[in-house]
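# What the coordinates show
For reference, the chains in residue letters:
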Amino acid sequence: VNPAMDPVEALTLSLAKEYLAPIMPSKTFRRISIFFNRANSVLNQMEKSRIKRWRERVRVVSQWQRLIPPKVDPEVESEIYNGLFYGKQLEVNYQKKSSIAAEERLVNPLGIVLHGVVHRLICTMDLDPSPRHLPLHRFKSAKILEKKAIEPKNFNIDNFISEENIGYLISKRKIKLEAKFTSSAGFHLTETPITEDQTLKKIIDRGRIKGYTLKAQVFDSSQLRWWLLGFGPQVEVIRPESLRKEFKDYVKDLSDVYKISH
């Protein structure tokens, strides 16, 4: 007999479903879906409960443009996750984005990271000992082998994520960013700093806050550029000079793209 599920347990499982679904193998997730279904059933039977009201009134909204997740073969996904779980090598057929056909490769799985809506396998491939990250949807087949996976010495998944391009790192060094924001664009930095040690100075004009000057040491990454470009003309990059020039060239190229001929 299944034990009764109290309202707090039901709320916990109902909320957990949204976060667990993207990071669990689909086969495994289907096996435990009965618990999530029971949780939702318990909540639905509670007409005036504060617990039910909480579930109905709390949402997580993505900060970025939502994309539809790429399709991943569930059988392939299951084998890859099992290879990682049991620490076994995988024989796979992987299709590079620049290739028209998949190639057979030997893979040592090291970790899984969810990058936006894309699941990436951190692994070494064939005889190359350097870890890399590969999108799961490009694996066309996968077969777990009996041989134990070979792991690079002192491999650390957190170090790999921060240093080896998961965030599209352009350089491992940090840059000294200086940028001017309009008051509306820069205000969020007073509440959600970009770094712990950022310097944010108000630009005052006639007794009113006209904008902010930001100074911070940040990683030189594509994500930094996307963030800055998202503000459009509400931000001006001052330093480093190389990044400022990059933005000036980008604006020129953008102007050429949208130029209207007469």
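Throughout what follows, the structure given in this document is the object of discussion. (Residues numbered from 1 in each chain as written. Predicted model: local features only at pLDDT ≥ 70, side-chain atom pairs only at ≥ 80, totals over all residues. Heavy atoms only, no water.)

The helix and strand tally for the chain stands at 9 helices and 9 strands. Taking 2.2 N^0.38 as the reference for a compact globule, 262 residues should give roughly 18 Å; the C-alpha atoms of the chain span a radius of gyration of 24 Å, well beyond that estimate. Buried residues in the chain amount to 32% of all 262 residues. Just so you have it, the chain exposes about 18300 Å², and 54% of that area is on carbon and sulfur atoms. One finds the centroid of the 44 positive side-chain charges in the chain at a distance of 5 Å from the centroid of its 31 negative side-chain charges. (Helix = DSSP H or I, 4+ residues; strand = E, 2+ residues; numbered from the N terminus. Rg over C-alpha atoms; globule rule 2.2 N^0.38 Å. Buried < 20%, exposed > 50% of the residue type's maximum accessible area, 1.4 Å probe, protein only. Areas by Shrake-Rupley, 256 points an atom, 1.4 Å probe, with all protein chains shown as cover. Lys, Arg positive; Asp, Glu negative; His and termini not counted. Charge placed at Lys NZ, Arg CZ, Asp CG, Glu CD.)

What follows deals with a nonpolar patch on the surface. Taken together, the side chains of Leu229, Tyr250, Val251, Leu254, Val257 and Tyr258 make up a nonpolar region of the molecular surface, amounting to roughly 620 Å² of accessible area. Examined against the element boundaries, Leu229 turns out to sit in helix H8 (residues 222-229). (Patch = residues over 30% accessible without salt bridge, like charges linked within 9 Å, V, L, I, M, F, W, Y side chains within 5 Å. Salt bridge = Lys/Arg side-chain N within 4 Å of Asp/Glu carboxyl O.)

Of all 8 residues making up strand S3 (residues 118-125), 8 are buried, and the element is well covered by its neighbours. Of the two faces of S3, both are covered, the one formed by Val118, Arg120, Ile122 and Thr124 as well as the one formed by His119, Leu121, Cys123 and Met125. The pairing of strand S2 (residues 103-115) with S3 spans 8 bridges and is antiparallel. Paired with Val113 across the two strands is Arg120, which belongs to S3. A loop of 2 residues connects S2 with S3, the two strands running antiparallel in sequence, and Gly116 in this loop sits at a positive phi of about 70 degrees. Where S3 meets strand S4 (residues 128-135), 5 bridges bridge the pair, whose relative direction is antiparallel. Bridge pairing in S4 places Met125 opposite Asp128. In sequence, S3 turns back onto S4 through a hairpin of 2 residues, with Asp126 there showing a positive phi of about 55 degrees. (Pairing = 2+ DSSP bridges.)

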